[in-house]
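So you can see what is in the structure, the chains are spelled out below.
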Amino acid sequence: MGRRGFTFPPSTCQTETLGREFITSYMEDCGSSSQFEMEITGYFAFTSVSVSISNYTGDGGRFEEKIMVNQGEMVRVRLPESVGIKGSTKFSKVVLVKADKDISVVSVSNKTTVLYPVSSLGKEHYIVTPSTECLDSYPEFSVMTYEDFNAVEVHVKGKLRDRTQSNSTCVGTKLRAFEGYQFQGIGDLSGTRIVSEKPVAVLIGQGCFCNNTKCNHVFEQLLPVCSWGTTYIIPPLPWQKMNEIVYITASRNTTVLYQLGEQQETVTLAGGSVLQRPVKPWIPVSISANVGIQVVFYSVGCRIPNSSHTFLMNVPDVASYCQMYSINAQKGFEDFALMVADTSETGAIILDNQPLRDVVWNRVPGTEFVWGMRTLGPAIRSHAVEHPSSPFALLSVGNAAMDSYGIPGSCRKNVTFKCQTETLQIKEQLERCKDVFLQGNNSEFCSFMNSTLVNLETMCAEDRAVSLQEVARPFGSFLNSSILSSGGNESKSEVASAMTFLLQSVELAALTAALKSPENKTQTVTTESMAIETLLVVPTAGPCDEVFTLRAQNETMDIHCNTVTKACTEDSVAVAFISYSTLDSIINKRFLNEEDLTADEKLRNFHLNSRVVSGAVGDGRLMNISKPVNFTLRHRQAKKEEEETRCVHWKVIAGKGTWAEDGCTALHTNSTHTICSCDHLSSFALLMGLTGVEESYTLTIVTHVGLTLSLLCLLLAILTFLLCRSIRNVSTSLHLQLCLCLFLADLLFLTAVKRTGIRVVCAVIAGFLHYLFLACFSWMFLEGLHLFLTVRNLKVVNYTSASRFKKRFMYPVGYGFPALVVAISVGVNPEGYGTSTHCWLSLERGFRWNFLGPVCAIILINLTFFLATLWILRDKLSSLNEDVSTLKDTRLLTFKAIAQLFILGCTWSLGLFQVGSAKTVMAYLFTIVNSLQGAFIFLVHCLLNRQVREEYRRWIKGIRKLSPTTQTFSPSASTVTTSTKMVPCITRSGMGWEGVGFDTKSVNCGEPSTSSL
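Residues numbered from 1 in each chain as written. Predicted model: local features only at pLDDT ≥ 70, side-chain atom pairs only at ≥ 80, totals over all residues. Heavy atoms only, no water.

## Quick notes on the overall build of the chain
Defined as follows: Each helix corresponds to a stretch of at least 4 residues labelled H or I by DSSP, and each strand to a stretch of at least 2 residues labelled E; elements are numbered beginning at the N terminus. Here the term buried applies to any residue with accessible area under 20% of the maximum for its type, exposed to any over 50%, and partly exposed to those in between, with areas from a 1.4 Å probe on protein chains only. Each accessible area is a Shrake-Rupley result for a 1.4 Å probe, and residues are judged covered by the shown protein chains and nothing else.
Within the chain one finds 18 helices and 50 strands. Classification of the 1013 residues of the chain by burial places 55% in the buried group. With an accessible surface of roughly 43,500 Å², the chain has 54% of that area assigned to carbon and sulfur atoms.

Here's what the structure looks like:
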């Protein structure tokens, strides 16, 4: 070639296992059937991959297969058998793998080897080939170039097949783009040096190796000299029963320290020489040198039947250890993960998002490292292994009957697991979109997923600060896209997945942006579609009681520092709070009104009344939190008094989107804001709807029947009190006014409460109802007061206060007080009368308390009067003669006493207990009892009153003559002094007891009363 060889200045290069372009070839396989495959693992969604063979003319023409892989997915590509290279020859059947995103590739030909991307190729390599004892086996290696013309020199140690050159013979060749040269040797070729003008890929192997077992094929891609390290650790194989071999190669003179367990050996190694040393069962090996060396592990197989075969494997140097790996379990093998880690960092290693457990760690003598082994499951899948902060080594090994393999794990230096969305729903959607892309179809949603993942993954991989503006920008267009606003062609489940994916992606992007800018403790951004605030927290030793508050638009999130520090896996932890400007209208429109998309049937009639917000901490993964997180959400529209507020979070159930209440409660709410307390972090919003019992046909029927019956009874009672002169007194006057007010109120309520068509008319109706019902309660108050005064006079001689009751209090209180309340209410808030559904008081701004306040006060006062009356009667009845205790009308007395509760309005308090699980029961009790109040009044004051019954008999018989016994006596003349004590003389009508439900018989003045109640 006219030159002694290429020279290179000392340099270093980084070797990656992930890339977008790979080249390789397949050596001749001595097996009976050759199976050539590619195992392609994706790390990003919708990764398009093309596998082709340059200048391939076999099997009917050009070979090219296009596939698509998603993150965490491994796809096998079968290659034609004719791709194998036979003999020592130049070839053009270079296999080319190209992808639009980073992938890792494992080449399979009975054995496996990790392929290194084109970006990691080098210009100088040293060959290592296992020694052989079989005459029908031979070492081989191949050199391939990429897309440029290349000149290659091979400085041979040993003999090549079909060549007569002696040792150190230099063989030169020129390679065109995607060409290679395969060399086969006689005996060991270890130490052969390959140099080239441009980077090349070099494969080593054994065409047929029969050492200890039957003929077997081994091969491995070598690393360039520039990537060699100085320190290596080799853990023993799990199934190892005899000594294995390690080959140590030096490119320059160096001193090698080889330590097998506790035994140390120092060897001086010349440049270009190869040192062979044993690796004993269950004893780790550590190797170090003062310059870069290459270490290749060789498993020699076992001498027992059905044992493992041989394989070659590059051993990674300690400097190349990384924090994240992917390994693929192999079909038909018992798979193991061999790990080497820092002694103090083993507890933080994670396998497939779960802490690594049940691993026995063994010390590597002479180092700060330990090694351990973990058996992988039988399923063929890709496994992810990571440590949050400390680099470690991972080797994937496995054995089967008459076979075995060993490959280094694929190091993910530029891909972080934090940017991966791994939910089942997202994976299903990725698979659907992958089919869409493979079929050449278009989908706006799938395109959005693709572009979002690209942006997210690129941002995570780049070693630079990322602004929140960059985070928010890509999502704005999708939030305004047609598939969300107008429905598009996508199914509702796809849109649910889109929402879930969007929410998770924004959270991850915001957290990543915060971690990428450690100099900024807080970051904020507000766009048309969202507002984001992030906080970077550095955990401190000891307990933490601080509460961090993050704000976005008009919403806030309060999160306890214990929750933040619990999620910390690095030196600092990020917290993100996002408020979406329009997402609530999108989800509201697409989901809440659809029964098949709402799992919780209680929420179907509700509407979203706040922005959708999201909270995330750490790496965005779901986690249990010890202290609840509080969210203060602003209402889109002012909350009405009749509305109920529910704090909900978004989740996907059986592929369908829904708002769920579990884990969230409303701590406080007013007309403008609600504070929600949640025991997890997710996406949240407020649902609002009308409170109280839903419209019930049965309840409506009960109301109409009860009020109709009450109106009839009230009318009869009014006629009775007006026409029956013999019973006229203060009590009957009170009864008459109460009946009149209650009759008018019930009639107006029954006929006009839902006449909401004309706003002014509805307001007037509401005003009259307000006045009439307040008047009813005013007369109920006067009834209770009169009852109390009447019974109290049983104990005193002078009870003129009861006789003057009507003149002093009745009409001013009965009609004046309600008029005053209504006048003040109208003056303060005239808009408070009439709502969109009923002509009654509005529940906004507490206006209903203009009615509830006086009513509650009167109920409380009347209840006090009633209890005091019973207490006085108890003392009085005990002082009467024994005839009283043997009365036959005891049951009637008890019934009349209880009936006073209904007449005095105390049962209206049931309306205050229409909350919680008893809401429906209380609603029915309230409706039944109070709609029949008029019937109770007629029953007690008329039908159960002996004087009234006598009048009814006279009316029915047509007798108009008044009986002397029905004359009314003045209370002033109804008391005499007996020989023993002063006792009131009570006639049937003298004290008006019949008016409050207590009849009295004639008594002899001065004698103990024998009245029956």
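## What to know about the packing of aromatic side chains
Aromatic ring pairs: the centre-centre distance and the angle between the two ring planes describe each pair. Basically, it comes down to this: Between 30 and 60 degrees the pair is tilted, below 30 it is stacked and above 60 it is edge-to-face, where a pair is any two Phe, Tyr or Trp rings, Trp via its six-membered ring, whose centres lie within 6.5 Å.
Overall, the coordinates contain 21 aromatic pairs when judged by the stated rule. Each ring, one from Tyr-146 and one from Phe-178, has its centre 5.5 Å from the other, and the planes form 80°; the classification is edge-to-face. Linking Tyr-146 in the loop between strand 12 (139-145) and strand 13 (150-156) with Phe-178 in the loop between strand 15 (169-175) and strand 16 (180-186), this pair joins segments that are 32 residues apart in sequence. Note on accessibility: Tyr-146 and Phe-178 belong to one class, buried. Judged by centre distance (5.1 Å) and plane angle (80°), the ring pair of Trp-840 and Phe-851 falls under edge-to-face. You can see Trp-840 sitting in the loop between helix 12 (805-828) and helix 13 (849-879) and its partner Phe-851 sitting in helix 13, a full eleven residues away along the chain. One aromatic cluster is present, formed by Phe-773, Phe-777, Trp-840 and Phe-851 through successive ring pairs.

## Examining the state of the cysteines
Under the convention used in this document: Disulfides are defined in this document as cysteine sulfur pairs within 2.5 Å.
Taken as a whole and judged by the stated rule, the model has four disulfides. Through a disulfide, Cys-322 is tied to Cys-411; the S-S separation comes to 2.1 Å. Taken together, the residues span a long stretch of sequence, with Cys-322 in the loop between strand 25 (311-314) and strand 26 (324-328) and Cys-411 in strand 35 (residues 410-411) at a distance of 89 residues. One exposure class covers both Cys-322 and Cys-411, and it is buried. Here Cys-647 connects covalently by a disulfide to Cys-676, the sulfurs 2.0 Å from one another. Here Cys-647 and Cys-676 share a disulfide; its torsion about the S-S bond, -80°, makes the bridge left-handed. Of the two residues, Cys-647 sits in strand 44 (residues 643-653) while Cys-676 sits in strand 47 (residues 673-678), which places them 29 residues apart along the sequence. Cys-647 sits in the buried class, given a relative accessible area of 3%.

## Quick look at the pattern of salt bridges
For the record, the criterion: Salt bridges are defined as contacts in which a side-chain nitrogen from Lys or Arg sits within 4 Å of a carboxyl oxygen from Asp or Glu.
The full count for this structure, using the stated rule, is twelve salt bridges. Between Glu-37 and Arg-76 there is a salt bridge, and its shortest N-O distance comes to 3.1 Å. Within this pair, whereas Glu-37 is found in strand 3 (residues 36-42), its partner Arg-76 is found in strand 6 (residues 74-79), the two being separated by 39 residues in sequence. Overall, Glu-37 belongs to the buried group, its relative accessible area being 15%. In this structure Arg-76 comes out as partly exposed when scored by relative accessible area, which is 30%. The salt bridge involving Arg-193 is made with Glu-124; its shortest N-O contact spans 2.9 Å. Of the two residues, Arg-193 is situated in strand 17 (residues 193-209) and Glu-124 in strand 11 (residues 122-126); the sequence distance between them amounts to 69 residues. The exposure class of Arg-193 is buried, given its relative accessible area of 19%. Given the relative accessible area of 16%, Glu-124 is considered buried. Residues joined in a network through salt bridges with shared partners are Glu-37, Glu-39 and Arg-76.

## Description of the environment of Phe-938
The condition that has to hold: Any two residues whose heavy atoms approach within 4.5 Å are treated as being in contact.
Locating Phe-938 in the fold gives a position in helix 17 (residues 933-943). Taking the C-alpha atoms as reference, Phe-938 lies 6.5 Å from Leu-714; in sequence the two are 224 residues apart. The residues contacting Phe-938, other than those within four sequence positions of it, are Cys-713, Leu-716, Ala-717, Leu-943 and Tyr-952.

## Some words on the side chain of Asp-335
Stated precisely, the cut-off is as follows: For this count, His and the chain ends are skipped, Lys and Arg are scored as positive, and Asp and Glu as negative. In protein, a polar contact requires one atom able to donate a hydrogen and another able to accept it; more generally it is a pair of N or O atoms within 3.5 Å, and residues adjacent in sequence count only if both atoms are side-chain atoms.
Looking at the secondary structure, you find Asp-335 in strand 27 (residues 334-342). Here Asp-335 occupies a buried position and makes no salt bridge, while the nearest side chain of opposite charge, Arg-76, is found at 8.5 Å. A distance of 3.2 Å separates a polar atom in the side chain of Asp-335 from the backbone nitrogen of Gln-330. Of the polar contacts made by the side chain of Asp-335, one reaches the side chain of Tyr-405; its length is 2.5 Å. When sequence neighbours within four positions are dropped, the list of residues in contact with Asp-335 reads Ala-329, Gln-330, Arg-374, Thr-375, Leu-376, Gly-377, Val-397, Gly-398 and Tyr-405.

## Some thoughts on helix 18 (residues 946-957)
Condition: A helix's residues, less one, multiplied by 1.5 Å, set its expected span.
Here helix 18 contains twelve residues, and its C-alpha end-to-end distance of 17 Å stays within 8% of the 16 Å for a straight helix at 1.5 Å per residue. For helix 18, every residue scored as buried is listed here: Gln-947, Val-948, Glu-950, Glu-951, Tyr-952 and Arg-954. Tucked into the core, helix 18 has its buried residues touching helix 8 (697-723) and helix 17.

## Observations regarding the environment of Ile-872
Position of Ile-872 relative to the elements: it lies in helix 13. Overall, the relative accessible area of 9% leaves Ile-872 in the buried class.

## Here's the deal with unusual backbone geometry
Positive phi is not limited to glycine here, since Trp-282 has a value of about 60°. For Gln-553, which is not glycine, the phi dihedral falls at a positive 55°. Within the secondary structure, Gln-553 is located in the loop between strand 38 (547-552) and strand 39 (555-560).

## With respect to the packing of helix 17 against helix 18
Put simply, the rule reads: What counts as an axis is a line fitted to C-alpha atoms, over the stretch in contact for a helix, and the angles between N-to-C directions run from 0 to 180 degrees. Here is the rule for angles: anything less than 35 degrees is roughly parallel, anything more than 145 is roughly antiparallel, 65 through 115 is roughly perpendicular, and the remaining ranges are oblique. Polar here means any residue outside two lists: the nonpolar Ala, Val, Leu, Ile, Met, Phe, Trp, Tyr, Cys and Pro, and the charged Asp, Glu, Lys and Arg; Gly therefore counts as polar.
Look at helix 17 against helix 18: their axes get within 6 Å of each other, and the N-to-C directions meet at 85°. The angle between helix 17 and helix 18 falls in the class roughly perpendicular. Contact residues: helix 17 offers Phe-938, His-941, Cys-942 and Leu-943, while helix 18 offers Val-948, Arg-949 and Tyr-952. Broken down by class, the residue content of the contact of helix 17 with helix 18 amounts to five nonpolar, one polar and one charged.

## So, the sheet that holds strand 47
As a reminder of what qualifies: One requirement defines pairing of two strands: DSSP has to find at least two bridges between them.
With respect to topology, five strands assemble into an open sheet ordered 38-39-43-47-46, the strand pairing being antiparallel. Each of the sheet's edge strands pairs with one partner strand only, and the pair in question is strand 38 and strand 46 (664-669). Each strand axis lies, on average, 20° off the axis of its neighbour in the sheet, ignoring direction. Where strand 46 lies against strand 47, five bridges are found, and the strand directions are antiparallel. For His-668, the partnering residue across the bridge sits in strand 47 and is Ile-675.

## A word on the side chain of His-155
Note on placement: His-155 falls in strand 13. Since its relative accessible area comes to 17%, His-155 is described here as buried. Within the structure, the side chain of His-155 is placed 3.4 Å from the side chain of Glu-153, a separation counted as a polar contact.

## Considering the sheet that holds strand 34 (residues 403-408)
With antiparallel pairing, five strands are arranged side by side in an open sheet as 30-31-27-33-34. The sheet is open, and its two borders are formed by strand 30 (362-363) and strand 34, each paired with just one other strand. One ladder, built from seven bridges, connects strand 27 with strand 33 (residues 393-400); its direction is antiparallel. Directly across from Met-339, in strand 33, lies its bridge partner Leu-394.

## Describing the pairing of strand 10 (residues 111-115)
In terms of residue burial, strand 10 counts as a mostly covered element, since five of its five residues are buried. Here strand 9 (residues 95-109) runs beside strand 10; their pairing, made up of five bridges, is antiparallel. Counted as the bridge partner of Ser-107 is Thr-113 from strand 10. A loop of one residue connects strand 9 with strand 10, the two strands running antiparallel in sequence, and Asn-110 in this loop sits at a positive phi of about 65°.

## With respect to the confidence of the model for the chain
Heads up, the condition is: As a per-residue quantity, pLDDT reports the predictor's confidence and falls between 0 and 100.
When pLDDT is averaged along the chain, the result is 77, and 73% of the positions lie at 70 or above. Low pLDDT, under 50, characterises residues 592-604; the stretch is placed with 35 contacts to residues that sit more than four places away or in other chains. Contacts from residues 797-801, a stretch scored under 50 in pLDDT, to residues over four places away or in other chains number ten contacts.

## Quick word on the nonpolar core
What tends to happen in soluble globular proteins is that the nonpolar side chains get buried as a cluster. Note the following rule: Think of a nonpolar core as a cluster: buried Ala, Val, Leu, Ile, Met, Phe, Trp, Tyr and Cys residues, connected wherever their side-chain atoms sit within 4.5 Å.
With 50 residues, the main nonpolar core has Phe-721, Cys-739, Cys-776, Phe-777, Trp-779, Phe-851 and Cys-942 as its most contacted residues. Of all elements in the fold, only helix 8, helix 9 (730-752), helix 10 (759-792), helix 12, helix 13, helix 17 and helix 18 reach the threshold of two or more residues within this core. Broken down by element, this core gets its largest block of residues, 13 residues, from helix 10. Those residues within four positions of Phe-851 in sequence are excluded, and the remaining contacts are His-770, Phe-773, Leu-774, Phe-777, Trp-840, Leu-841 and Trp-908.

## Points about the environment of Gly-87
Topologically, Gly-87 is positioned in the loop between strand 7 (84-85) and strand 8 (89-91). Contacts of Gly-87, omitting those with residues within four sequence positions, involve Glu-28, Gln-182 and Gln-184.

## Focus on the packing of helix 9 against helix 17
What counts, and what does not: If you view the pair so one helix is near and one far, a crossing is left-handed when the near helix is turned anticlockwise from the far one by less than a right angle, and right-handed when it is turned clockwise.
Two elements in contact, helix 9 and helix 17, have axes whose closest approach is 11 Å; the angle formed by their N-to-C orientations is 155°. Regarding the angle of helix 9 to helix 17, the classification is roughly antiparallel. Helix 17 is crossed by helix 9, and the crossing has left-handed handedness. Between helix 9 and helix 17, the contacting residues are His-735, Leu-738, Cys-739 and Leu-742 on the first element and Gln-933, Gly-934, Ile-937 and His-941 on the second. Its residues assigned to classes, the contact of helix 9 with helix 17 shows four nonpolar, four polar and no charged.

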